[in-house]
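The residues making up each chain are set out below.
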Amino acid sequence: MEERHKEQAKSEKVEHKKRKAERRRHRAESKQHEATFAAEQEQRKQYEEAEEDVRHRPTQSSSQQQHQQQQQQQRRPEERQRQDSREGGNNSNSNHSRNENESSSSSSSSSSSSSSSSSSRSGSIFGMLKSGLQNAASVIRSTVRREVTIEFDTRTVVLDAEPFAEGGFCTVYLARDVNNCEEQYALKWMVAQEKSHLKDFMWEIDVHRRLAGHPHIMGLCDHLVRPSEKIDSRIAKDVLLLYPLSRGGSLFDGIERGVTRSSRWPFPEEVAVRLFLEACEGVRYMHKKGLAHRDIKPHNILLFKDVDGIERALVMDLGSTGALKVELKDRRAAMELQDECNSKCSPPYRAPELHDPNPGCLIDGRVDVFSLGATLYALAYGYNPFEHPKRGFEKLALLNGNVEFPEDGRNQYGEKYSKGFQHLIAAMLRTDPAKRVKLSKVIKGAKALLG
Ligand SMILES: Nc1ncnc2c1ncn2[C@@H]1O[C@H](COP(=O)(O)OP(=O)(O)O)[C@@H](O)[C@H]1O
Ligand SMILES: [Mg+2]
C-alpha cells in the first residue's frame with residue numbers, strides 16, 4: 001500500500017515538473033512574440049515618420065543626402081559580404097578595390113547567400129523571427145522608396161525600388177521598358193567618384209563596343225553617363241549600363257542552388273563541359289580581339305535560355321579586361337599590374353602570375369585559361385579549388401598549384417566526373433604559365449570529352 005502511494009507521489013511529481021517546464025516554455029514564447037510585435041510596430045512607426053518627414057520636406061539638402069550615403073556605406077560591408085558569397089569579387093564602391101579577405105569569405109560557395117535565407121535554413125525560432133522582421137522591413141521600405149525612371153537614347157525604363165544584385169563596383173536593378181513592361185533588363189548602376197573610376201567605367205563600355213555581336217559575350221543594350229543622382233558632388237557621375245536580363249542568373253547562382261538543394265547536382269559532366277566550352281568560345285573571341293578578361297569566374301558567366309529552352313553561357317562583366325599581352329619591362333610595370341589586379345580580379349580565380357607578377361615576364365591569355373580551369377572545377381565540385389570550406393581562400397595553395405580531386409571522381413552530391421575531365425582541369429591550373437595548356441588545346445580537349 002505504502003509502496004503504491006510512493007509510486008503515485010513520484011509520478012505526480014514528474015507530471016508537475018513537466019507542466020512547470022511547459023508553462024515556462026510557453027511564457028518564453030509569448031515574450032518572444034510580444035518582442036517581435038513591438039519591434040515590428042516600432043519599425044513601422046519609424047518608416048511612417050520617415051515618410052511623413054519626406055513629405056513635408058520636398059527637397060533634401062545635400063548634407064542630408066551625404067549622411068544617408070555614409071550610413072548606407074557603413075551598412076554595406078556586411079551586406080556586401082552577403083552578396084559577395086554570390087558575387088565572389090568583393091569590393092567596395094568607396095575604395096574601388098577587391099579585398100582578399102572579403103573575397104575569400106565570398107567565394108566559399110557553400111555559404112548562404114543572405115542572412116534571412118541562412119536563418120530560415122537554420123530552422124531556429126530566432127532565425128524565423130529575424131527573417132520575418134527583415135521581410136516586414138523590406139516591404140515597408142519599398143513602399144517608402146520612389147520609382148526611378150531612366151531615359152536612354154533608344155528607350156525609357158523604370159527601375160525596381162530595390163537592386164536584385166550587387167557587384168564590387170555596382171548595384172544591379174531590374175528595369176522594365178515603360179512602353180512594354182514585359183521587356184525586362186538588368187541595369188548596372190555604377191558611380192564614378194573620381195576621374196580614374198570614370199576612365200575605368202568608360203573602358204568597360206568601350207570593350208562592349210569592340211566585342212559586340214558575339215553569341216557568348218554579353219551585349220550592351222544601351223548606356224548613359226550623367227551627373228550623379230546618388231552622390232552629391234560636382235564631379236561624381238552615374239554610369240548606367242543596360243543589359244538583357246538573365247533569368248537563369250550566373251553559374252555561381254546555379255552552384256549555390258545545387259549546394260543548397262537536395263535534388264540532382266545541376267552540372268553533371270556533360271552540362272558543365274558544354275557551358276564551359278561556350279564560355280571558352282567567348283574568351284577565345286576576346287583573345288582574338290587582343291583582350292584578356294582577367295576576371296573569369298562562375299559569377300561572371302550568365303545563363304540565358306535560347307529559343308529551344310537550352311541554357312547558354314555568356315561571359316559578362318568586362319570591367320576587368322586588359323590587353324591580351326603585357327610585357328612587364330621593369331619592377332614598376334609589375335607593381336602597377338599587381339595593383340590593378342588587386343582591385344579588379346577575384347583572388348581565388350586569379351592566375352598566379354597576376355598575384356605575383358615578375359619583372360621581365362610576359363603576361364598573356366593563359367591568365368584566362370587558369371581562371372577557366374578554376375571555374376570548371378567549381379562547376380563540378382561546388383567550390384573553388386583553392387578555398388577551404390572553413391579557412392577560406394588559401395593563396396599558398398594557389399601559388400604552389402595544390403589542387404585536390406576526390407579519389408573516386410565523385411562530388412559530394414554523388415555526381416561522377418571522368419579522369420579526362422580532371423586532367424583537363426589540372427592542365428589549366430598549372431602554376432607556370434609556360435607549362436599551362438593553351439586555350440585552343442583546352443577547347444579541343446573539352447570537345448573530345450563531349451565525344
Ligand atoms: N544582365 C544581367 N542579368 C542578370 N543578372 C545580372 C546581369 N548583369 C549583372 N547581373 C548580376 O549582377 C552581379 C554584378 O554584376 P557585374 O557586372 O559582375 O558587376 P561587378 O563588376 O561589380 O562584379 C552579377 O554577378 C550578376 O549576379
Ligand atoms: Mg562581376
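Residues numbered from 1 in each chain as written. Chains lettered and ligands numbered in written order. Predicted model: local features only at pLDDT ≥ 70, side-chain atom pairs only at ≥ 80, totals over all residues. Heavy atoms only, no water.

## Considering the overall build of the chain
For step 1, the next point in the chain: Check the secondary structure of the chain and you find 14 helices and 17 strands.
For step 2, the next point in the chain: Buried residues in the chain amount to 45% of all 451 residues.
For step 3, the next point in the chain: In the chain, the share of contacts with a sequence separation of at least 24, taken over all contacts with a separation of at least 6, comes to 66%.
For step 4, the next point in the chain: Summing over all exposed atoms, the chain offers an accessible surface of approximately 24,400 Å²; the carbon and sulfur share of this is 49%. (Helix = DSSP H or I, 4+ residues; strand = E, 2+ residues; numbered from the N terminus. Buried < 20%, exposed > 50% of the residue type's maximum accessible area, 1.4 Å probe, protein only. Contact = heavy atoms within 4.5 Å. Areas by Shrake-Rupley, 256 points an atom, 1.4 Å probe, with all protein chains shown as cover.)

## Observations regarding the packing of helix H8 (residues 269-288) against helix H11 (residues 366-381)
For step 1, the next point in the chain: Between H8 and H11, the shortest axis-to-axis distance is 11 Å and the interhelical angle comes to 165 degrees. Classified by the interaxial angle, the pair formed by H8 and H11 is roughly antiparallel. Considering only the axes of H8 and H11, their crossing is right-handed. Here Ala272, Phe276, Ala279, Cys280, Val283 and His287 of H8 lie close against H11, whose contacting residues are Asp368, Leu372, Leu376 and Leu379.
For step 2, the next point in the chain: Split into classes, the residues belonging to the contact of H8 with H11 amount to 8 nonpolar, 1 polar and 1 charged. (Axes fitted to C-alpha atoms, helices over the stretch in contact; angles between N-to-C directions. Parallel < 35°, antiparallel > 145°, perpendicular 65-115°, else oblique. Left-handed = near helix turned anticlockwise from the far one by under 90°. Nonpolar A, V, L, I, M, F, W, Y, C, P; charged D, E, K, R; others polar.)

## With respect to unusual backbone geometry
For step 1, the next point in the chain: A positive phi is found at arginine 294, a non-glycine position, where the angle reads about 70 degrees.
For step 2, the next point in the chain: Summarising the element assignment, arginine 294 is placed in the loop between strand E10 (291-292) and strand E11 (301-305).
For step 3, the next point in the chain: Assessed through its relative accessible area of 5%, arginine 294 is described here as buried.

## Points about the confidence of the model for the chain
For step 1, the next point in the chain: Within the chain, residue pLDDT values average 80, and 68% of them lie at 70 or more.
For step 2, the next point in the chain: Below pLDDT 50 for its whole length, residues 53-123 participates in 138 contacts with residues either more than four positions away or in separate chains.
For step 3, the next point in the chain: Long-range and interchain partners of residues 136-144, a stretch whose pLDDT sits below 50, account for 10 contacts in this model, where long-range means more than four residues apart. (pLDDT = per-residue confidence, 0-100.)

## So, the environment of aspartate 339
For step 1, the next point in the chain: For aspartate 339, the position within the fold is in helix H9 (residues 331-344).
For step 2, the next point in the chain: Aspartate 339 gets classed as exposed once you look at its relative accessible area, which sits at 51%.
For step 3, the next point in the chain: Separated by 16 residues in sequence, aspartate 339 and histidine 355 place their C-alpha atoms 9.3 Å apart.

## Quick notes on the side chain of histidine 197
For step 1, the next point in the chain: Its location among the elements puts histidine 197 in helix H6 (residues 195-211).
For step 2, the next point in the chain: At 3.3 Å, the side chain of histidine 197 forms a polar contact with the backbone nitrogen of glutamine 193. (Polar contact = N/O pair within 3.5 Å; in protein donor to acceptor, adjacent residues only side chain to side chain.)

## As for the side chain of arginine 366
For step 1, the next point in the chain: Counting through the fold element by element, arginine 366 comes out in helix H11.
For step 2, the next point in the chain: When neighbours within four sequence positions are excluded, arginine 366 is seen to be in contact with Glu353, Pro433, Ala434, Arg436, Val437 and Lys438.

## A few points about the coordination of the magnesium ion (ligand 2)
For step 1, the next point in the chain: For the magnesium ion (ligand 2), every protein donor is listed as Asn300 (OD1) and Asp317 (OD), and the spread of their distances is 2.1 to 2.3 Å. Taken together, the positions of asparagine 300 in the loop between E10 and E11 and aspartate 317 in the loop between strand E12 (311-315) and strand E13 (322-323) put the pair 17 residues apart, joining distant regions of the chain. The exposure classification of asparagine 300 matches that of aspartate 317, with both residues buried. (Donors = N, O, S within 2.8 Å, 3.2 Å for Na, K, Ca; no water.)

## As for the pattern of salt bridges
A side chain with one charge may pair with a side chain of the opposite charge, provided their charged atoms come close.
For step 1, the next point in the chain: Under the criterion given, the structure shown has 21 salt bridges.
For step 2, the next point in the chain: Note that aspartate 295 is salt-bridged to lysine 297, the shortest N-O span being 4.0 Å. In this structure, aspartate 295 and lysine 297 share a single accessibility class: buried.
For step 3, the next point in the chain: Put simply, Asp200, Arg294, Glu340 and Lys344 are held in one network by salt bridges that share partners. (Salt bridge = Lys/Arg side-chain N within 4 Å of Asp/Glu carboxyl O.)

## Focus on the pairing of strand E3 (residues 148-151)
For step 1, the next point in the chain: Residues of E3 alternate between two faces, with Val148 and Ile150 buried on one and Thr149 and Glu151 left unburied on the opposite face.
For step 2, the next point in the chain: Examined bridge by bridge, E3 and strand E4 (residues 156-159) share 4 bridges and lie antiparallel to one another. Each residue of the ladder has a partner; that of glutamate 151, found in E4, is threonine 156.
For step 3, the next point in the chain: Between the antiparallel neighbours E3 and E4 lie 4 residues. (Pairing = 2+ DSSP bridges.)

## Details of the nonpolar core
For step 1, the next point in the chain: Phe267, Phe276, Leu372, Met428, Leu439 and Val442 are the most contacted members of the largest nonpolar core, which has 57 residues in total.
For step 2, the next point in the chain: Here this core takes 11 residues from H11, the largest share from any one element.
For step 3, the next point in the chain: With sequence-adjacent residues up to four places away left out, methionine 428 is seen in contact with Phe276, Val369, Phe370, Leu372, Gly373, Arg436, Val437 and Val442.
For step 4, the next point in the chain: Listed in part, the 19 residues of the second largest apolar core include Val172, Leu245, Leu302 and Phe304. (Core = buried A, V, L, I, M, F, W, Y, C linked by side-chain atoms within 4.5 Å.)

## Some words on the packing of H11 against helix H13 (residues 419-428)
For step 1, the next point in the chain: Across the interface, H11 lies against H13 with an axial gap of 8 Å and an inter-helix angle of 145 degrees. Considering only the axes of H11 and H13, their crossing is left-handed. Residue-level inspection shows Val369, Phe370, Leu372, Gly373, Leu376, Tyr377, Ala380 and Tyr381 of H11 in contact with H13, the latter providing Phe421, Gln422, Leu424, Ile425 and Met428.
For step 2, the next point in the chain: Looking at the contact of H11 with H13, its residues break down into 11 nonpolar, 2 polar and no charged.

## Considering the pairing of E12
For step 1, the next point in the chain: In the sheet, E11 pairs with E12 via 5 bridges, with the strands oriented antiparallel. Along E12, the bridge assignment pairs phenylalanine 304 with arginine 312.
For step 2, the next point in the chain: Once E11 ends, the chain turns through 5 residues before running back antiparallel as E12, passing glycine 309 with a positive phi of about 80 degrees.

## Let's talk about H9
For step 1, the next point in the chain: Over its 14 residues, H9 extends 20 Å from the first C-alpha to the last, a length consistent with the 20 Å expected when each residue adds 1.5 Å.
For step 2, the next point in the chain: Every buried residue of H9 is accounted for by Ala334, Leu337, Cys341, Ser343 and Lys344. (Expected span 1.5 Å × (residues − 1).)

## As for the packing of aromatic side chains
For step 1, the next point in the chain: If you walk through the whole model with that rule in mind, you get 10 aromatic pairs.
For step 2, the next point in the chain: Taking the centre distance of 5.5 Å and the plane angle of 55 degrees together, the rings of tyrosine 377 and phenylalanine 405 count as tilted. One end of the pair, tyrosine 377, is in helix H11; the other, phenylalanine 405, is in the loop between helix H12 (395-400) and H13, and 28 residues separate them in sequence.
For step 3, the next point in the chain: Of the residues examined, tyrosine 377 reaches a relative accessible area of 2% and is grouped as buried.
For step 4, the next point in the chain: An aromatic cluster is present here, built from Tyr377, Tyr381, Tyr383, Phe405, Tyr417 and Phe421 joined pairwise through their rings.
For step 5, the next point in the chain: One residue, lysine 230, lies across the ring of tryptophan 189, its end atom 4.3 Å from the ring centre. (Phe/Tyr/Trp six-rings, centres within 6.5 Å; stacked < 30°, edge-to-face > 60°. Lys NZ or Arg CZ within 6 Å of the ring centre and 35° of its normal.)

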